[in-house]
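Letter by letter, the chains look like this.
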Amino acid sequence: MELIFSKGAAGRVGSSLPALDVPNNNSILDSMKRKESAEMPEVSELEAVRHFTLLSRKNIGVDSHFYPLGSCTMKYNPKFHENVASLPGFADLHPLLPQLRRGGALTQGALEVIYETEQMLNEILGFAQFTMQPLAGAHGELTGCMLIAAYHKANGDASRKVMLIPDAAHGTNPASAAVAGFITKEIPSDEEGNVCMKSLKEALGPDVAGIMLTCPNTLGLFDPNTAEICKLVKNAGGLSYCDGANLNAIIGRVKPGDLGFDVMHINLHKTFATPHGGGGPGSGPVGVAPQLVPFLPVSRVAKRADGTYTLEYNHSQSIGYIAPFYGNFSIILRTYAYLVTLGREGVPRISEHAVLNANYIRAKLAPYYDQEYDRYCMHECVFSATRQTKYGVHALDIAKSLIDRGFHPPTMYFPMIVKEALMIEPTETESKEDIDRFIEAMIDIAKESEISPEKIIQAPITTPVKRLDETRAARNPKISE
Amino acid sequence: MRKFTKDHEWVKIDGDVAFIGISSHAANELGDITFVETPEEGTDFIVGDALAVVESVKAASDIYAPISGTVKEANPALEDDPGMINSSPEENGWICKLENFDIAEMDALMDEDVYRTYLKDS
């Protein structure tokens with residue numbers, strides 16, 4: 001792939017400007033002027049358009065490819081949401097406006113969107129109140145951990161320092177708990193892929209602040225003991241945190257608040273069809289049970305008796321500011337559009353289709369790939385490439401080989417408790433035809449692994465650069481010229 | 001005397017120091033090691049504490065203290081050549097040396113042949 005700097009010719013420009021016909025206000029200090037001209041590409045408009053169009057065609061994204069990246073819910077983001085988010089009444093709002101004199105009157109629509117989105121999330125997930133402020137999933141986890149710490153401190157129970165984290169939790173959970181000042185303790189899974197209840201009971205005690213449960217867990221499994229776990233933790237004086245990154249599996253079907261969770265973060269950029277990854281930004285709202293409401297961050301959007309909306313800052317027990325302004329507002333706005341579009345009937349169909357699609361793949365690929373846990377999965381299925389390692393083919397090779405066949409690779413080597421893991425999450429937005437094509441590609445790779453493994457091992461061969469030396473890149477990173 | 005843990009660490013006692021590392025099985029499973037975060041000299045650890053972090057192209061994994069003790073020295077060679085854990089996991093790729101340990105804690109660990117059998121069964 002050629003760089004844009006190697007295209008064009010010296011002196012070539014995209015557009016010719018007329019000569020300056022007003023006095024040249026040469027007010028820039030000499031000391032501030034650059035000594036040499038900026039190195040800019042010298043190309044025509046058409047050359048620039050072709051360069052970037054060709055570059056964009058090398059992307060593998062959800063708008064062009066099936067994107068089964070497990071644990072990430074890379075579902076399609078309807079373009080309607082982009083239209084709503086770009087309406088000038090929203091897009092041109094200044095974030096300081098609500099705090100200016102009479103600014104509140106000019107931002108009623110935006111405040112209503114935040115408030116109404118909170119209300120819908122409370123209803124869907126069974127919580128008393130949401131904060132929309134956290135800017136990403138792990139930021140939501142940190143906020144949740146800080147709320148748990150504030151709760152115990154307010155109850156004179158600050159010696160509760162241990163956060164229990166099952167080994168099938170998301171990897172960010174222990175990091176978030178540690179940043180919030182907790183000591184983490186890992187709880188192993190049992191042979192079914194659920195939390196080992198014996199280990200949990202042994203770990204519970206007066207030093208335990210709570211548990212962070214990924215629900216469903218990173219094996220794509222719903223733990224049938226979830227309500228029991230929350231009850232045990234509660235009886236031991238702790239709080240239960242739900243990592244909602246996998247909410248796509250249960251949305252509209254189960255209210256985590258009803259299961260006994262006290263606090264939960266969700267990822268708008270996963271479950272609620274807002275841009276994800278390079279397109280970001282993320283958003284990780286946190287919902288809480290009534291006893292944690294006093295500690296929620298400020299600002300909070302409140303509805304006055306006359307039906308107007310206002311921002312509140314005066315909450316004495318609040319953990320304070322965790323983000324500037326009101327969270328990633330344009331993402332909240334897209335979520336509002338998503339929920340209003342789907343409605344009461346549509347929301348449960350998200351999880352219904354997501355779980356059906358994952359189980360369809362699981363069943364179709366079961367004859368070709370090993371599974372650590374032979375049971376129905378939720379929104380994602382985890383295979384192990386152990387059968388293929390006999391031929392020298394590893395999870396990494398299968399993932400690379402999928403690129404050549406026109407698919408984004410799935411998550412690999414995660415969860416870490418499954419050897420040679422391949423974690424596939426089709427989401428509800430894929431058609432049966434596309435899922436069938438993916439299944440065919442996976443079967444083809446399994447067969448070729450036996451007959452000519454060398455072909456799988458050298459993948460990808462259709463990309464601008466072939467197999468990268470990941471070890472060398474990690475050991476000797478060259479991060480600047 | 002070399003002993004192993006269920007989590008694939010090994011300990012070798014040599015006089016009044018105990019060498020700690022990860023087994024060749026663990027090194028093989030992790031794949032190419034790209035970075036090792038070694039413990040600081042003089043830090044005290046008790047059994048089961050996270051002692052070091054080993055990063056590979058696949059994952060970052062905690063290495064747990066197989067016995068209690070004080071860090072005498074971290075392997076200086078690992079900074080420039082973390083791949084030594086792959087090429088010589090049970091000799092030159094040791095992670096750190098502990099002192100002030102209680103040799104009785106070794107009783108809870110597996111002998112080499114027991115560990116190799118444990119690997120086959122798991």
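Residues numbered from 1 in each chain as written. Chains lettered and ligands numbered in written order. Predicted model: local features only at pLDDT ≥ 70, side-chain atom pairs only at ≥ 80, totals over all residues. Heavy atoms only, no water.

1. Overview of the overall build of chain A
Part 1: On a plain count of helices and strands, chain A comes out with 17 helices and 12 strands.
Part 2: Here the C-alpha radius of gyration of chain A, 26 Å, is about what a compact globule of 481 residues would show, namely 23 Å.
Part 3: A principal-axis box enclosing the C-alpha atoms of chain A has dimensions of 80 × 75 × 45 Å.
Part 4: Expressed as a percentage of its 481 residues, the buried residues of chain A come to 49%.
Part 5: Of the contacts formed within chain A by residues at least 6 apart in sequence, a portion of 70% connects residues at least 24 apart.
Part 6: Total accessible area on chain A stands at roughly 23600 Å², and carbon and sulfur atoms take up 55% of it.
Part 7: Charge separation in chain A, taken as the distance between the mean sites of 46 positive and 54 negative side-chain charges, equals 2 Å. (Helix = DSSP H or I, 4+ residues; strand = E, 2+ residues; numbered from the N terminus. Rg over C-alpha atoms; globule rule 2.2 N^0.38 Å. Buried < 20%, exposed > 50% of the residue type's maximum accessible area, 1.4 Å probe, protein only. Contact = heavy atoms within 4.5 Å. Areas by Shrake-Rupley, 256 points an atom, 1.4 Å probe, with all protein chains shown as cover. Lys, Arg positive; Asp, Glu negative; His and termini not counted. Charge placed at Lys NZ, Arg CZ, Asp CG, Glu CD.)

2. Thoughts on the interface of chain A and chain B
Part 1: Tallying the contact residues gives 8 residues for chain A and 12 residues for chain B.
Part 2: Seen at the junction of chain A and chain B, the total is 1 salt bridge.
Part 3: When the shortest N-O distance is used, the salt bridge between E420(A) and K58(B) registers 3.9 Å.
Part 4: In this assembly, chain A and chain B are joined by 3 residue pairs in polar contact (both at pLDDT 80 or more).
Part 5: Taken together, the residues that form the side of chain A that touches chain B break down as 3 nonpolar, 1 polar and 4 charged. (Salt bridge = Lys/Arg side-chain N within 4 Å of Asp/Glu carboxyl O. Polar contact = N/O pair within 3.5 Å; in protein donor to acceptor, adjacent residues only side chain to side chain. Nonpolar A, V, L, I, M, F, W, Y, C, P; charged D, E, K, R; others polar.)

3. Examining the sheet that holds strand β12 (residues 421-424) of chain A
Residue and element names in this part refer to chain A.
Part 1: Within the open sheet, the 3 strands sit side by side as β10-β12-β11. Their pairing is antiparallel. Two strands in the sheet have a free side with no partner beyond their single neighbour: β10 (381-384) and β11 (411-412).
Part 2: Relative to β12, β11 runs antiparallel, the two being bridged by 2 bridges. Paired with T411 across the bridge in β12 is M423.
Part 3: In this fold helix α12 (residues 329-365) packs onto β10 and β12, with an angle of close to 25° to the strand it touches most, β10. (Pairing = 2+ DSSP bridges. Axes fitted to C-alpha atoms, helices over the stretch in contact; angles between N-to-C directions.)

4. Focus: the pairing of strand β4 (residues 208-214) of chain A
Residue and element names in this part refer to chain A.
Part 1: Among the 7 residues that make up β4, 7 are buried, leaving the element largely enclosed by the rest of the structure.
Part 2: Pairing between strand β2 (residues 162-166) and β4: 3 bridges, direction parallel. Note that in β4 the partner of L164 across the bridge is I211.
Part 3: Since β4 and strand β5 (residues 239-244) lie parallel, the crossover through helix α9 (residues 226-235) that links them has a hand, and here it is right-handed. (Right-handed = clockwise from strand over helix to strand, strands pointing away.)

5. With respect to the state of the cysteines
Part 1: With the rule as written, the count across this model stands at 0 disulfides over all chains.
Part 2: Of all cysteine sulfurs in the structure, the one in C242(A) sits closest to C145(A), which takes part in no disulfide; the separation is 13 Å. (Disulfide = S-S within 2.5 Å.)

6. Considering the side chain of N122(A)
Part 1: Looking at where N122(A) falls in the secondary structure, it is placed in helix α5 (residues 108-125).
Part 2: Ignoring sequence-local partners within four residues, the contact set of N122(A) consists of F127(A), A128(A), Q129(A) and F130(A).

7. Notes on unusual backbone geometry
Part 1: Residue S299(A) is reached from V298(A) by a cis peptide bond, and omega for that bond is 0°.
Part 2: The omega torsion of the bond from F414(A) to P415(A) falls at 0°, within 30 degrees of zero and hence cis.
Part 3: Residue placement: P415(A) occurs in the loop between β11 and β12.
Part 4: At A273(A), a residue that is not glycine, the phi angle is positive and equals roughly 55°.
Part 5: Looking at where A273(A) falls in the secondary structure, it is placed in the loop between α11 (268-271) and β7 (286-288).
Part 6: Look at H8(B): it is not a glycine, yet its phi comes out positive at around 75°.
Part 7: Examined against the element boundaries, H8(B) turns out to sit in the loop between β1 (2-4) and β2 (9-14).

8. A look at the pattern of salt bridges
All names here are of chain A.
Part 1: Applying the stated criterion across every chain yields a total of 25 salt bridges over all chains.
Part 2: With a shortest N-O distance of 3.2 Å, D63 and K79 are connected by a salt bridge. Of this pair, D63 sits in the loop between α1 (45-57) and α2 (79-85) while K79 sits in helix α2, and the two are 16 residues apart along the sequence.
Part 3: Its relative accessible area of 57% is what places D63 among the exposed residues.
Part 4: Under the relative-accessibility criterion, K79 is labelled partly exposed at 40%.
Part 5: With a closest N to O distance of 3.8 Å, R362 and D374 form a salt bridge. One end of the pair, R362, is in helix α12; the other, D374, is in the loop between α12 and β10, and 12 residues separate them in sequence.

9. Some details on the sheet that holds β7(A)
Residue and element names in this part refer to chain A.
Part 1: The strand order across the open sheet formed by 7 strands is β1-β7-β6-β5-β4-β2-β3, and the pairing between neighbours is mixed. Bordering the open sheet on either side are β1 (129-131) and β3 (183-187), each of which pairs with just one other strand. Ignoring which end each strand starts from, the neighbouring axes of this sheet average 25° apart.
Part 2: Pairing geometry for β1 and β7, over 3 bridges, is antiparallel. Residue pairing across strands places F130 opposite G287, the latter belonging to β7.
Part 3: Contacting β1 and β6 (263-266), α5 runs over the sheet at an angle of about 125° to β1.
Part 4: Lying on the sheet, α9 is in contact with β4 and β5; it crosses β4 at an angle near 165°.

10. Thoughts on a nonpolar patch on the surface
Part 1: On the surface, M1(A), F52(A), L54(A) and L55(A) cluster together into a nonpolar patch covering about 390 Å² of accessible area.
Part 2: Within the secondary structure, M1(A) is located in the segment before α1. (Patch = residues over 30% accessible without salt bridge, like charges linked within 9 Å, V, L, I, M, F, W, Y side chains within 5 Å.)

11. Regarding the confidence of the model for chain B
Part 1: Averaged over chain B, the pLDDT score is 94; the fraction of residues at 70 or greater is 100%.
Part 2: When mean pLDDT is taken per element in chain B, strand β3 (residues 17-22) of chain B scores highest with 97 and strand β7 (residues 60-64) of chain B scores lowest with 91. (pLDDT = per-residue confidence, 0-100.)

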